[in-house]
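Topology and contacts: notes
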Amino acid sequence: MMVSAENDPRRAGTIWTLDLGRPTPVITPRLPATFGRLGPENKAALAAVPGGSVMAEDIGKRFAAGRRCYAAWVGGEIDSYGWVSFGEEHVGELTLRLHLLPGEAYIWDCATLPAFRRNHLYSALLVYIAGELRLEGFCRAWIGADLENETSQRGMARAGFQHVADLLIGRVLAMRQAWVQELPGVPDELVAAARRVFLDNRDRVWLNAHSSTLRDG
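In this report, the structure presented in the accompanying data block is examined.

What counts, and where the lines are drawn
Residues numbered from 1 in each chain as written. Predicted model: local features only at pLDDT ≥ 70, side-chain atom pairs only at ≥ 80, totals over all residues. Heavy atoms only, no water. Helix = DSSP H or I, 4+ residues; strand = E, 2+ residues; numbered from the N terminus. Contact = heavy atoms within 4.5 Å. Buried < 20%, exposed > 50% of the residue type's maximum accessible area, 1.4 Å probe, protein only. Arc of directions from axis to C-beta.

1. Quick notes on the side chain of Arg62
Here Arg62 shows up in helix α2 (residues 56–64). Excluding residues within four positions of it along the chain, Arg62 makes contact with Val54, Arg67, Trp83, Trp108 and Asp109.

2. Considerations on unusual backbone geometry
With phi around 45 degrees, Asp109 is a residue other than glycine that occupies positive phi space. Located in the positive-phi region is His120, a residue other than glycine, with phi close to 65 degrees. Structurally, the position occupied by His120 is in the loop between β7 (104–112) and α3 (121–135).

3. Quick word on α2
Within the sequence span of α2, burial applies to Ile59, Arg62 and Phe63. Projected onto a plane normal to the axis of α2, the buried residues spread over an arc of 95 degrees and lie on a single side. Residues of α2 that are exposed and point more than 90 degrees away from the buried face comprise Glu57, Lys61 and Ala64. Those residues of α2 hidden inside the fold are in contact with β2 (34–38), α1 (43–47), β3 (68–74), β4 (77–85) and β7. At the C-terminal side of α2, Gly66 shows a positive phi close to 95 degrees.

Put into structure tokens, the structure is as follows:
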């Protein structure tokens, strides 16, 4: 969900976080929906979701690597979903490797079918995921979004996530340089945590000049 736009090569996306020790908002979707966690037995159904970009084989590999998938059903069909990772997650398009501490989770590759958008399914799914993680003792969730994807950002904010920093990209010689830019009013410890997660506790990471996309959600 996070992409570096060619029109603005310095802005890759936005970084959001949620303290799972705090209560999340109660969100009622505008459509009757059921929420739950998917497993390897659901890989064919996930691969068949219209507009999805992941094949059943790759979905199986995600499950085998310990990644989770949560979804919302309306009328018995998967209409919204999101993946969750722990420990590390490689963001191949920008050669970034996210590093999560025990108790942290990263939500990514989220999607809602076009016909079911604007019904608060996405934000309700995020709240459901947060609740499941909280029950297991997790303390913090991270998620990102394209700078221009205001719809996703509104959904994150509705679900209680806080926009803590922006991920910036700048070209230096033949390489790209990535760094986390803090936002006014955000506590220093949250900005430092964002740097740790997205940049492996470094102020910057050198990226291949041909990288163009960072997916989250």
